[in-house]
Each structure stands twice: as structure tokens, then as C-alpha cells.
Amino acid sequence: MKYAIIGCGRISPNHVVASQKTGLDLVALCDLDLKNTEDKIKKFDLDANYVKQYTDYKKMLEEMKPELVAIATESGKHAQIALDCIEAGCNVIIEKPIALSLKDADAIIEAGHKKGVKVCACHQNRFNKSIQMIREALEKGRFGRLLYGTAHIRWARDHEYYDRASWRGTWEQDGGALMNQCIHDIDLLRWMMGDDVVRVVGMTDRLKHDYIQAEDLGIALVQFANGSYGIIEGTTNVFPKNLEETLYIFGDKGTVKAGGDAVNLLEEWNFSDYIDEPEQVKKECSELPPNVYGFGHSKLYRDVIDAIENDREPYVNGEAGRRALEMVLAIYRSAATGEPVEFPMKDCSTMDFVGRFDK
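Just so it is clear, the structure is predicted and the values come from calculations on it, not from any experiment. (Residues numbered from 1 in each chain as written. Predicted model: local features only at pLDDT ≥ 70, side-chain atom pairs only at ≥ 80, totals over all residues. Heavy atoms only, no water.)

S.K.: Explain the packing of aromatic side chains to me, please; I cannot follow it from the model alone.
M.R.: Two aromatic rings are characterised by how far apart their centres lie and by the angle between their planes. Tallied over the entire structure, the rule returns twelve aromatic pairs. Between Phe127 and Tyr315, the aromatic rings sit 5.3 Å apart at their centres with planes inclined by 55°, giving tilted as the arrangement. Here Tyr315 lies in the loop between α11 (296–309) and α12 (318–337) and Phe127 lies in the loop between β6 (119–122) and α6 (129–139), a separation of 188 residues in the sequence. Assessed through its relative accessible area of 32%, Tyr315 is described here as partly exposed. Taking the centre distance of 5.9 Å and the plane angle of 65° together, the rings of Tyr162 and Tyr211 count as edge-to-face. You can see Tyr162 sitting in helix α7 (residues 159–163) and its partner Tyr211 sitting in the loop between β8 (197–205) and β9 (217–224), a full 49 residues away along the chain. Linked through ring pairs, Phe127, Trp191 and Tyr315 together constitute an aromatic cluster. One residue, Arg126, lies across the ring of Trp191, its end atom 4.2 Å from the ring centre. (Phe/Tyr/Trp six-rings, centres within 6.5 Å; stacked < 30°, edge-to-face > 60°. Helix = DSSP H or I, 4+ residues; strand = E, 2+ residues; numbered from the N terminus. Buried < 20%, exposed > 50% of the residue type's maximum accessible area, 1.4 Å probe, protein only. Lys NZ or Arg CZ within 6 Å of the ring centre and 35° of its normal.)

Set out below in C-alpha cells:
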């Protein structure tokens, strides 16, 4: 399957590795700065005569005609690139967030269905062993009645991180901690708690990073349609380095915790049915990835390839990406207005919050 990557920055190595592990035919790399594509050629010992390098993705689509494209640019460019890829007949894997507005997310989903191509939102942590084990228990009803769940993302991002890419922390191209760093865990919380949301109450602030436009702290309460509740806490203010990303799920018959740097460790596993041995499950379902991106990309790629070959929806489709985006935008809107936000949301964009923290 002919495959290409658009955007060869920080996250792109995970996509290259995933393509190699799943047997894709990497034919092109595209980035506005050819230093980034050249770096990937050297880092992964790719054949520069075979893997073409582009700065213009439209030219790449026309000349190389890839069947699958990974979009890993700055977030504000995801939507237009995705729409152009879909129009060219390409299946797409879109790095999180799928877009920065609900209108754009809806356009991507609609275009994918219309053209008959697959749209995948790259929420790779759904494939973590810990998360898959929790999901299996949930689908088997082992939690009983869901009571509440919590997502905590306690990470650190310094001035150097934002200096490396001017788009980071901007409303037009990124958003803040919730949209960039925390959306994976927010996705997991909504997915586990039943997806359907009644309302969200949120608060956000920029406490430490006065050189960015968006928030570095977000806190929210969520009421789900099934009667359960959620708590979200996300920040990039932790000193001196990333502390944890954790997901708790509490039911009247079960309690679990996925923790570690990126919900990669199964740290609590307790159910009233006692059908498995907690310590053994925790040992078997914990992973130690080299970074916060985890091992999920390769599993996500295998799923997308299978979805294309068997004409089914990807495990993490465009609609899933939209739901994660909607949660973050709801927190932003509630924080800005001081009012609860009811679901489903009508169109909302990060650009609605330009000037939010201007003094």
C-alpha cells in the first residue's frame, strides 16, 4: 500500500516506524522545510532515490498517488490537508486533534464518507495494553454501574519547547495544554464513560507560560448521559518534568487505574467478580515505552490497513476524533463564558478564544 507522510516534525518518527512495522510502501515525505524530510531519510536509513521529498503536498498527491497518508503537521493545518487528501482519494490518519473547529471536523467526516475513504484520528493510546484491558472489562460489564472517571495529565513544557515551533500555544494553529497535551486522556475518558455527554463545566488559565496565547491549566467537570460523572485535570506546569498521565474508572463493582507517563501502566485492578488475579493482570498489561507517545501507533496502523482492505470503519474513526475535539472546545467555551456548556455543541473553534488571556 503506497504511503506518505505530510509533516515531518516531532511526532513523525512514530509514523515512520509504524509504517515499517506494518509493511507499508513509504514513497514520499513532505514538509515545508526539507531539512526535516532529510533528517528522517538519514535517521531511518531510507533510500533517498526511492522515497521522494516534497515541500508541496498537493504536488506530492498528484505525482505519487499514495493510498494512505499520515497528516502530522501543526494542528491548524490538519483540516485543509485532510480535505485535499480525501479529495485525491487518499485514506488518512490525522494526528490529534482531528481539527481545531467542529465545522472542519464535520467536513472531514462528511468528505470521507462521500469519497469512500477511511478517516482515522490518531488517538493511539486506545491501543495500549492497559487501556485495551480496561475496555474489555467495560464491555463485559465487569464495572457494574459506572459512577465516575477521572483523567489527570500532569506534564511539563518549558520555554524551549515552545521556541522550537512558533505555532505551539497559538489559537490559530494549536490551542493550549488541553488541546495539545491532554486530548489523548480526554478522549479515553469520554470513550470509557459512554461517549454521550450532557454538559461540561470548565475553568482554564495561563498561570506560567505568558509567552503563549492559550491555557497551561484546564480543569473540568463532566456529566455523562448514563448518569456517571467525569473529572478532567490537565496542565503543562509541573516542575521539573512530566509526572504522570492517569485514567481512573470507578464502578460499583470495579475500580481501575491506568498510570505511568502515558496511561501505559495498569496500576489498580479490582473487581467484585474475582475472575482474574490482579497482580498478574497488572504485570501482563503494563508497558514501558521510550516516550509519552507509547507503542500505539503501530497497532493503530494495523487497524487502519485492515479497515481499508476489508472496507470497515477504523477502530478510531473521524467521529471519535470529533468527540475528543468537542470535549476540549466545550471546556474552553465554559471557561470563557463562566456557564455550563450543553451537548451536543454547535460549531466552535479555538479561534473563538483569541485574546482570552490578554492582560
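Picking up where we left off.
S.K.: Help me understand the side chain of Glu244, please; the structure alone is not making it clear to me.
M.R.: Relative to the helices and strands, Glu244 is located in strand β11 (residues 244–251). Residue Glu244 is classed as buried on the basis of its relative accessible area of 16%. One polar contact links Glu244 to Arg154, side chain to side chain, over a distance of 2.4 Å. Discounting residues that sit within four places of it in the chain, Glu244 has contacts with His152, Ile153, Arg154, Trp155, Gly260 and Asp261. (Polar contact = N/O pair within 3.5 Å; in protein donor to acceptor, adjacent residues only side chain to side chain. Contact = heavy atoms within 4.5 Å.)

S.K.: It is not clear to me how empty space enclosed by the protein should be interpreted in this structure. Could you clarify?
M.R.: Sizing a probe to match a water molecule and rolling it over the atoms shows the empty space that remains. Summed over the entire model, instances satisfying the criterion amount to three cavities of 30 Å³ or more. In this structure, the largest cavity encloses a volume near 60 Å³. Along the walls of the largest cavity sit Ile109, Gly112, His113, Val117, Lys118, Val119, Glu313, Pro314, Asn317, Gly318 and Glu319, which together make up its complete lining. Counting only elements with at least two residues in the lining of the largest cavity, the list comes to α5 (102–115) and α12. Here the element with the most residues in the lining of the largest cavity is α5; it accounts for three residues. When grouped by side-chain class, the residues that make up the lining of the largest cavity number four nonpolar, four polar and three charged. (1 Å grid on protein atoms, 1.4 Å probe; cavity = no way out; pocket = protein on both sides within 12 Å on 5 of 7 lines; lining within 4 Å. Points joined across faces, edges and corners; volume = space filled by probe spheres on them. Nonpolar A, V, L, I, M, F, W, Y, C, P; charged D, E, K, R; others polar.)

S.K.: What exactly am I supposed to notice about α12 here?
M.R.: Three or four residues apart is the spacing at which side chains of an α-helix point the same way, because the helix has 3.6 residues per turn. In this model α12 runs 28 Å from its N-terminal to its C-terminal C-alpha over 20 residues, within 8% of the 28 Å that 1.5 Å per residue would give. The element α12 is extensively covered by neighbouring structure, given that 15 of its 20 residues are classed as buried. Put simply, Asn317 is the residue that caps the front of α12, since its side-chain oxygen is 3.3 Å from the backbone nitrogen of Glu319. Among the residues trailing α12, Gly338 stands out with phi positive, at a value near 75°. (Expected span 1.5 Å × (residues − 1).)

S.K.: Is there a simple way to think about the sheet that holds strand β5 (residues 91–95) in this case?
M.R.: The pairing of strands in a sheet happens through backbone hydrogen bonds and is either parallel or antiparallel. Strand order across the open sheet formed by six strands is β3-β2-β1-β4-β5-β6, with parallel pairing between neighbours. The sheet is open, and its two borders are formed by β3 (52–54) and β6, each paired with just one other strand. Ignoring strand direction, the axes of neighbouring strands in this sheet form an average angle of 20°. Looking at chain direction, strand β4 (residues 68–71) and β5 are connected through four bridges and run parallel. Bridged to Ala70 within β5 is Ile93. (Pairing = 2+ DSSP bridges. Axes fitted to C-alpha atoms, helices over the stretch in contact; angles between N-to-C directions.)

S.K.: Would you mind showing me how to read the environment of Leu265 here?
M.R.: Along the polypeptide, Leu265 turns up in strand β13 (residues 265–271). Looking at Leu265, the relative accessible area reads 23%, which means it is partly exposed. For the pair Leu265 and Val51, spaced 214 residues apart in sequence, the C-alpha separation works out to 37 Å. Beyond its immediate sequence surroundings of up to four residues, Leu265 is in contact with Ser130, Lys257, Ala258, Gly259, Gly260, Ser286, Glu287 and Leu288.

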